[in-house]
Amino acid sequence: MTMLDAVRTRVPMDVRHRIAQLRVRARVPTGRWRRLPDLLVIGGQRCGTSTLYRHLGRHPDVAPSLRKEVEYFSRRYDRGERWYRAHFALEAQRHRLCFEATPDYLFHPLAAARAATVVPEARLVVMLRDPVVRAWSHYHHMVGLGHEDLEFDAAVEAEQGRSAGDLARLADDPLHDPVALLRYSYVARGRYAEQLSRWFEQFPREQLLVVRSEDLFADPRASFRRILDFAGLPPWEPDTFTNVSRPSGERPPPIPSASRDRLTEMFELPNLELAKLLGETPSS
C-alpha cells in the first residue's frame, strides 16, 4: 500500500465522494476538450476490477479516469457526455490509452446499448469469477457497507422480490437509478451468459476480452500481459501485484456448505450457457 492509499483509507467514504464530485464539477467546463475512453473494464462486481484498475492505471502510457466507477452508462447517463468526458484526460495530453472501470456495466440491462452509442470503438475487458464465490463476496460487501441485514440464504430468497420494482421502473423510465437491483443481485450477477450476450449484440467479439479472476490472482503477470496486449500497450508491470480489495488480507468467512451446494446447483445451467457462449469445454 502506498502512502497515498494509506491516506485515502483514513478519509471517510462520504467525504471522498464529496471531494470527487467537486473535482468533476470543476472539470465539466473543459469536457469538450477531453477524451472519451479507449477501454472499459465493464465488470463483474467483486471479480478483481479494483485490482485491475489500480495496476492498469499506473502504466506509464495510460490515463485512468478521475475515479473508479464513473457509472455513466449505468446510473449517471442523465448527466450527459460532457460530464462523462470530465473524468478523462485532455486531448492535448496524448496518452496512448484512457480507460475507466465500472463493474455495474456488465450487469445493468441498458449499459451495453448506451456504451455502443457513445464509445463504439472501445475495447472491453470483463473479469469473471466463480459465481458462487462472487455471490458470497458480494453479500459480505453489502453487509460491510450497512446495506444488508438479512442472513445470506434469506437474502438470496428475497433477491427476486427486491429487484422486481427496479426492473419494472427501468422499463418505463430508462434513467431510473436501480439501487436495489444493483445492491441485492447476488445470484443474478452470476448468470454471466445473459449479461455478455447483451454486449455481444452491441460490440464485435474481437473488442471484448474475458479474463478469469482466478487466473489474475493465480498468475497476475501472465494475465496482466494478456490485458496489455489486448489494449495495445507496451509491456510493463508494477513492482508488486496486490489484491486491492483486500489490502490487509481480510476475507469473508467460509461459505456454509449447504449454501454452497444450493448455489452450485442454481448456477449449473448458467455455467453451461457461459461455456457454450465462449466456446469453452464445460468443467466436469
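Provided above is the structure to which this section pertains.
The structure reproduced in this document is the subject of the present report. Since we're looking at a predicted model, the values are computed, not measured. (Residues numbered from 1 in each chain as written. Predicted model: local features only at pLDDT ≥ 70, side-chain atom pairs only at ≥ 80, totals over all residues. Heavy atoms only, no water.)

## Side note on the pattern of salt bridges
Summed over the entire model, instances satisfying the criterion amount to 13 salt bridges. When the shortest N-O distance is used, the salt bridge between R76 and E71 registers 3.4 Å. The two residues R76 and E71 agree in class, both being buried. Because the salt bridges share partners, they merge into one network encompassing E71, R75, R76 and D177. (Salt bridge = Lys/Arg side-chain N within 4 Å of Asp/Glu carboxyl O. Buried < 20%, exposed > 50% of the residue type's maximum accessible area, 1.4 Å probe, protein only.)

## Details of the sheet that holds strand β1 (residues 39-43)
The sheet built from five strands is open, its strands ordered β2-β3-β1-β4-β5 with parallel pairing. Bordering the open sheet on either side are β2 (62-64) and β5 (208-212), each of which pairs with just one other strand. Averaged over all pairs of adjacent strands, the angle between their axes in this sheet comes to 25°, without regard to strand direction. Where β2 and strand β3 (residues 97-101) come together, three bridges link them in parallel fashion. When the bridges of β3 are listed, V62 appears paired with L97. Sheet strands in contact with helix α10 (residues 192-202) are β1, β4 (123-128) and β5, and its direction is about 180° off that of β4. (Pairing = 2+ DSSP bridges. Helix = DSSP H or I, 4+ residues; strand = E, 2+ residues; numbered from the N terminus. Axes fitted to C-alpha atoms, helices over the stretch in contact; angles between N-to-C directions. Contact = heavy atoms within 4.5 Å.)

Spatial relationships are all this shows, so hold off on functional conclusions.
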